Amino acid sequence: LLAENSAQKWDAVAFKFCYVDLGEEAGRDVDTLIKMYRHAISSVKAAHPKINLVHITMPLKSDPLGRVAWLKRYLGMSKENDADNLLRNTFNERLHSEFPKDAFFDLAQAESTRPDGSRSGFTKNGKPFYTLDRQFTYDEGHLTPYGKKWVANEFVRSLALAIGISKN
């Protein structure tokens, strides 16, 4: 749409990755994906300097479903999705550092934050890494209707900030 010079129709534009875009099976590393993203964003900004661009952090996967996964986490053991979520968390940190003054929808934060304000995740080498909270997913990666509503509320709030109709 942006290539067709239709950006004037939109109050804001956003680019969203999927969790499959970074991880063991994707064949990409964080540095390569950041470089590709930075190039794409600079092209959009050059072609449409007045457009409100909203960066979206990469979504996460949950801990594997089931009691064995819960027990592994309780015992401090790593699980199948941990390595890829480490990459996704690193990408999200880099995204924030690459574009510190730009508008963001922190999808990863929304889907890892529980209604009580605590975060779903694990610690590795003393550092927290976040995961999709299991109450928001039915298959470790896609949102339930409740999860969709939860994340959509945060998206609308972020978009309102990006286009200047809200202060928080």
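The model shown is predicted, which means the values in this text are computed figures rather than measured ones.

Novice: Quick one: what's the story with the pairing of strand 5 (residues 127–130), residue by residue and with numbers?
Specialist: In the sheet, strand 4 (residues 121–124) pairs with strand 5 via four bridges, with the strands oriented antiparallel. Looking at strand 5, one finds that Thr-123 is bridged to Pro-128. As consecutive antiparallel partners, strand 4 and strand 5 are separated by two residues, and within that stretch Asn-125 has a phi angle of approximately 55°, a positive value.

Novice: Talk me through the pattern of salt bridges; I want residue IDs and the actual numbers.
Specialist: It is possible for side chains bearing opposite charge to pair when their charged atoms get close. Scanning the model with the defined rule gives seven salt bridges in all. As a salt-bridge pair, Asp-102 and Lys-45 come within 2.7 Å of each other at their nearest N and O atoms. You can see Asp-102 sitting in the loop between helix 3 (82–98) and strand 3 (103–105) and its partner Lys-45 sitting in helix 1 (residues 30–47), a full 57 residues away along the chain. Residue Asp-102 is classed as partly exposed on the basis of its relative accessible area of 25%. On the basis of relative accessible area, Lys-45 is assigned to the partly exposed category, the value being 33%.

Novice: Got a sec to walk through the sheet that holds strand 3? Specific residues and values, please.
Specialist: The parallel open sheet is built from three strands, whose spatial order is 1-2-3. In this open sheet, the two strands that pair with only one neighbour each are strand 1 (12–15) and strand 3. For this sheet, the mean angle separating the axes of adjacent strands, direction not counted, is 35°. As defined by bridge partners, strand 2 (residues 52–56) adjoins strand 3 across three bridges and the pair is classed as parallel. Residue pairing for strand 3: His-55 is matched across the bridge by Phe-104. Each of strand 1 and strand 2 touches helix 1; the most contacted strand, strand 2, lies at about 165° to it. Contacts between helix 5 (residues 145–162) and the sheet are confined to strand 1, strand 2 and strand 3, with strand 3 contributing the most and set at about 175° to the helix.

About the thresholds
- Residues numbered from 1 in each chain as written.
- Predicted model: local features only at pLDDT ≥ 70, side-chain atom pairs only at ≥ 80, totals over all residues.
- Heavy atoms only, no water.
- Pairing = 2+ DSSP bridges.
- Helix = DSSP H or I, 4+ residues; strand = E, 2+ residues; numbered from the N terminus.
- Salt bridge = Lys/Arg side-chain N within 4 Å of Asp/Glu carboxyl O.
- Buried < 20%, exposed > 50% of the residue type's maximum accessible area, 1.4 Å probe, protein only.
- Axes fitted to C-alpha atoms, helices over the stretch in contact; angles between N-to-C directions.
- Contact = heavy atoms within 4.5 Å.

The values reported here are purely geometric and, on their own, carry no functional implication.
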